[in-house]
Amino acid sequence: MADTELTLSREAEVYRALANTNVRIPKLHAVAPGGVALLVERAAGTHDLANLTIDERTAVFDDFIDAIADLHNFDHASLDLPSYRRPTGAIEHATNEIDLWGGILDARARRSWSFIHFARRVLRECAPGNVERTVLCHGDIGPGNFMHFQNRVSAILDWEFSHIGDPMDDLAWWVFRGHEFTGNCGDLESQLRRWSARTGLPVDKRRIEYYKAFVMFRWFVSIAPIIDHGGTAMDRSVHYSLVPVLGIRLAQALAGLLGVGLPPCDLLPVDQHGTAGEIIDVLQQDLNEVVAPDVHGNEGRRRLAGSAIFFDHIRTSDCIGKFAYEESL
């Protein structure tokens, strides 16, 4: 997000504004000259959820929902956030963010990325015209973006996407990241009821569906410049694997917003292979049987999982290309 509106200096504003409140945010100690780095306190505990028992996970997730509800209960108008766009009407809760992220797409992406531009148009066309409460949204709610200690959330992290908007936006992040993309994050319906009871606000599932599409749009805008401009191998390998996944999910989400029924996708014949199929099979077998057993670190396993996704995508693309060519003859 270099050279965009989403700077570290802007993020520092929310740390200062929420200091000494009941919102669980680490204390900001210093901002480097030019806003190139932030120094914040080390929060207690860990972000890792893997070693928790079912009861411990339930307690942590319930407390996380309470922490998000407390954020949404806070009076955003009292916060000193000079760099934040503030909606003046219901529709601007969405369109302010469309303008911000659309501007990032225009400024940072090099390729045409026509599907992302299409999604941008659909999101503007379908922007919700109602909102019960304007709140400060965290803007990236999900596993890994909070710390927990003794079954309590000690701090919410990663505020760079925070904005003034619709609380359904944050709930959509949790639904998508915590339940549909990652999974194993508890009982969603119970969590939504808990949030509603604590905030006194209704859960609008139609708006959540809208903002779920918006979440995927933001992800696409985030990964497009990384793919276009280069960067570390980790970033590029992981983000390349997200393109086909988000491409399918976002297309389905946009179709739902537009009320368009998608035709069923016929499965390709299992024996249908293109020219690259055998090579991909051998490479994937090596990864699964030789490389994977020797990988013990979390980052290595994450890279392998991303490679497996993209190998499947390449194999299917190769198969479809050959199938489509033969069908046209």
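From a predicted model like this one, the values you see are computed outputs, not experimental measurements.

Engineer: Provide a residue-level description of the nonpolar core, including the pertinent values.
Structural biologist: Ranked by internal contacts, the top residues of the largest apolar core, which has 75 residues, are V14, L18, L136, W159 and Y210. Per-element accounting of this core gives the leading share, 14 residues, to helix α7 (residues 205-229).

Engineer: Could you give an account of unusual backbone geometry, naming the residues involved and the relevant values?
Structural biologist: Glycine aside, a negative phi is what most residues show, and trans is what most peptide bonds show. The backbone of N151 shows a phi angle near 65°, a positive value even though the residue is not glycine. Even without glycine at this site, N184 takes up a positive phi of about 60°. Within the fold, N184 resides in the loop between α5 (167-181) and α6 (188-199). According to the relative accessible area criterion, N184 is exposed, its value standing at 61%.

Engineer: Please give an account of the pairing of strand β4 (residues 146-149) that cites residues and values.
Structural biologist: Bridge analysis of β4 against strand β5 (residues 152-156) gives four bridges, and the strand direction is antiparallel. Residue pairing in the sheet places F146 in a bridge with I156 of β5. Hairpin remark: β4 followed by β5, antiparallel, with two residues in the connecting loop; positive phi at Q150, about 55°.

Engineer: Before we move on, can you summarise the packing of helix α3 (residues 92-108) against α7 with the specific residues and values?
Structural biologist: Orientation of α3 relative to α7, taken along the N-to-C sense of each, is 15°, at an axis distance of 9 Å. Of the possible angle classes, the one that applies to α3 and α7 is roughly parallel. The hand of the α3/α7 crossing is left-handed. The residues of α7 that touch α3, namely those facing H93, A94, E97, I98, W101, G102, I104, L105 and R108, are Y210, Y211, F214, F217, R218, V221, S222, P225 and H229. Counted by class, the contact of α3 with α7 contains eleven nonpolar, four polar and three charged residues.

How each quantity is defined
Residues numbered from 1 in each chain as written. Predicted model: local features only at pLDDT ≥ 70, side-chain atom pairs only at ≥ 80, totals over all residues. Heavy atoms only, no water. Core = buried A, V, L, I, M, F, W, Y, C linked by side-chain atoms within 4.5 Å. Buried < 20%, exposed > 50% of the residue type's maximum accessible area, 1.4 Å probe, protein only. Helix = DSSP H or I, 4+ residues; strand = E, 2+ residues; numbered from the N terminus. Pairing = 2+ DSSP bridges. Axes fitted to C-alpha atoms, helices over the stretch in contact; angles between N-to-C directions. Parallel < 35°, antiparallel > 145°, perpendicular 65-115°, else oblique. Left-handed = near helix turned anticlockwise from the far one by under 90°. Contact = heavy atoms within 4.5 Å. Nonpolar A, V, L, I, M, F, W, Y, C, P; charged D, E, K, R; others polar.

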